Each structure stands twice: as structure tokens, then as C-alpha cells.
Amino acid sequence: MDINLGGIRLAESKLDVTDLVELQLIENAISARSSEIENIKNNKEQVSAQEGLKRAAGKFDEANGACSDLESKRKKLEDTVELQNEKIKNDEKKLFSGTIMSAKELENYQEEVKILKQKNSEIEDKILELMIELEEMSDKVKLAAAEKDKAEADLNRINNEMNEKIEVLKHIIEGLRKRKDDVILRIPGDHLKKYNEVKTKKGGIAVSVLKNNFCSVCNMEIPMIAAEKIDDIDEIYSCPLCGRIAVIYRSEIDIIKKELES
Ligand SMILES: [Zn+2]
């Protein structure tokens, strides 16, 4: 039975109308899953974890840098002490060598040794202060390192969770694409052409399901006069309100929906 609706007779063929609905539902499911992937990628938790890691790494570098500075100061002072000790040793050797002839020379050496020992004692005090500072700073470094590790672990956990979810969705999409290919093979070429034409014109949705005279896409009730002519479950119509390919509801459609959701 050929039906004319709003002057548009869509087709007459051996088309199984549920295939058209299935194709639409599969495409809806693919785009929904793709949106889910995009939502997962726009993860605020990940952004804040990245910022947290950046902050923690900055603190760690700062503390570590301060530690290195203190360490090199200490090293420099120790080198000075060592150098001066060497000088003291040489002076003392000279003093006890018996080669010093004048009292003035003796006094000069003794004075120099005294001054050097005095300086060394002052430097050693500074070294002690530095070592206390270093100990405090190295505690800070340890703390900062622990915080950095934690921030890194947080970010890794979030990334792993995201990747796992995305992998699952990609797998689902892959299955949907295979199913779509199978459905496409079952749909006669002219119907497929029509489907794609309507899809392009109507924002990506070509097929609607009519249930209780309501269009599933435009959500409008079909006027009684038009609805009376929509009576063959195996035929395709055109929604007089949104112009999409319209198919009368049957329970298989819910079964397909359920399958696609799982
Ligand atoms: Zn409609």
C-alpha cells in the first residue's frame, strides 16, 4: 500500500523499516559515546591535578635549589678552613724548624698563626650554623618531594582512569560501527540515499518513530487528519511537522535501544 503524506511519498520497497530506525539509533549511540569521550577529555580534575603537580614541583625545585646553595656555601668555607690549616701547618713547621733567626720574624709567624686560627674558628662557627640551616632545609626538601610524589600519583591515577574509560568507549564505538556497517548492507540503496539526504538537511537526525501519534524527534503530535493515514507498520512516512522519515513504533525498537545501551 502506497501512502502519500504531505505530497511526499518516500518509497516502496522490501525495506525492513526497523533497519532504518536501527541505523539512526546506532548513529545516535555513536555520537553519544563520542561526546562521552570528549567530556572525559575535558576533565577538570585532571587540570587541577596538573596544576597541583606544577605547584609541588616548583616548591620542590625551590627547596632543592636553596639546599644546593647552602651546601656550596658550606663547601667553600670548608675549603677555606682547609687552606688555612695548611698555611698554619707550614707556619708551625717553620716555627719549630730552628731556622728563624730574629725575634721579629718569630713574632710575625706566631702572629700569623694566631690570626689564622682565630679566622678558622669563626668560619667553623659559620659552618655549624650552615649545617643547622641545611638540616632544616633538607627536611623541607623531603617534605616537598613527598608532596610532589603524591601530586604525581594523583595525576597518574586520574590519567589512568580517564584512559581506561576512553578505551572502553572506543571499544563500544568500534562495535557500533561494525553493527552500522551490517545494517547499511541490509538497507536498499535508494532508502539509504534518502536517509543520508534527510540526515544532512535535518541536523543529523533522519528517522523518527511515531508513537501514539507523537513524533519522537520533534515531539509534536501529528494532526489527526494526517495520523489517520499512517496505518501501515511496515511502511515509511514523513513526519508532517519536522519532515523526517517516520516509522510507526514497534516493540523491536525498544529491544534495539536496549542492545545499543549495553
Ligand atoms: Zn517530527
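None of the values given here were measured: they were computed from a predicted structure.

S.K.: Let's hear about the overall build of the protein chain: which residues, and what values?
M.R.: Across its full length, the protein chain holds six helices and four strands. Walking the protein chain from its N terminus toward its C terminus, one meets helices and strands in the order α-α-α-α-β-β-α-β-β-α. In terms of overall size, the protein chain is more extended than a compact globule, its C-alpha atoms giving a radius of gyration of 42 Å where 262 residues would be expected to give roughly 18 Å. Dimensions of the protein chain, computed from C-alpha atoms along their principal axes, come out at roughly 135 × 30 × 30 Å. Within the protein chain, the proportion of its 262 residues that are buried is 17%. Contacts spanning at least 24 positions in sequence make up 78% of the contacts within the protein chain whose residues lie at least 6 apart.

S.K.: Run through the domain arrangement of the protein chain, naming residues and quoting values.
M.R.: Under the domain assignment used here, the protein chain contains domain 1 (17-41 + 183-261) and domain 2 (44-164). Using only C-alpha atoms to locate each centre, domain 1 and domain 2 end up separated by 75 Å.

S.K.: Any details on the packing of helix 2 (residues 44-95) against helix 3 (residues 103-186)? Residues and values, ideally.
M.R.: One can describe the packing of helix 2 onto helix 3 by two numbers: an axis separation of 6 Å at closest approach and a directional angle of 160°. Regarding the angle of helix 2 to helix 3, the classification is roughly antiparallel. Helix-helix and strand crossings are classified by hand; for helix 2 and helix 3 the assignment is left-handed.

S.K.: Tell me about the nonpolar core, and please be specific about residues and values.
M.R.: Ranked by size, the top nonpolar core spans 24 residues in total, and within it Leu-20, Val-21, Ile-236, Ile-245 and Val-247 carry the most contacts. For this core, the secondary-structure elements that each account for two or more residues are helix 1 (17-41), helix 3, helix 4 (189-201), strand 1 (207-211), strand 3 (236-238) and strand 4 (245-248). For this core, the element with the highest residue contribution is helix 1, accounting for seven residues. Ranked by size, the runner-up nonpolar core spans five residues in total, among them Ala-49, Leu-53, Ala-56 and Phe-60.

S.K.: Talk me through the pairing of strand 1; I want residue IDs and the actual numbers.
M.R.: As defined by bridge partners, strand 1 adjoins strand 4 across four bridges and the pair is classed as parallel. Directly across from Leu-210, in strand 4, lies its bridge partner Ile-248. Taken together, the two bridges between strand 1 and strand 2 (residues 214-215) define a ladder with antiparallel strand orientation. Bridging from a neighbouring strand, Lys-211 pairs with Phe-214 of strand 2. Connecting strand 1 to the antiparallel partner strand 2 that follows it, the hairpin turn spans two residues, and Asn-212 within it adopts a positive phi of roughly 50°.

S.K.: Quick rundown of helix 2? Include the residues and the values.
M.R.: Compared with the 76 Å implied by 1.5 Å per residue over 52 residues, the 76 Å span of helix 2 between its first and last C-alpha is a close match. Residues of helix 2 that are buried: Ala-49, Leu-53, Ala-56 and Phe-60. Packed against the buried residues of helix 2 are helix 3.

S.K.: A description of the sheet that holds strand 3 should follow, citing residues and the corresponding values.
M.R.: With respect to topology, four strands assemble into an open sheet ordered 2-1-4-3, the strand pairing being mixed. Of all the strands in the sheet, the pair left with one neighbour each is strand 2 and strand 3.

Definitions and cut-offs
- Residues numbered from 1 in each chain as written.
- Predicted model: local features only at pLDDT ≥ 70, side-chain atom pairs only at ≥ 80, totals over all residues.
- Helix = DSSP H or I, 4+ residues; strand = E, 2+ residues; numbered from the N terminus.
- Rg over C-alpha atoms; globule rule 2.2 N^0.38 Å.
- Buried ≥ 20, exposed ≤ 12 C-beta atoms within 10 Å, placed from the backbone.
- Contact = placed C-beta atoms within 7 Å.
- Domains from an automatic or database assignment.
- Axes fitted to C-alpha atoms, helices over the stretch in contact; angles between N-to-C directions.
- Parallel < 35°, antiparallel > 145°, perpendicular 65-115°, else oblique.
- Left-handed = near helix turned anticlockwise from the far one by under 90°.
- Core = buried A, V, L, I, M, F, W, Y, C linked by C-beta atoms within 7 Å.
- Pairing = 2+ DSSP bridges.
- Expected span 1.5 Å × (residues − 1).

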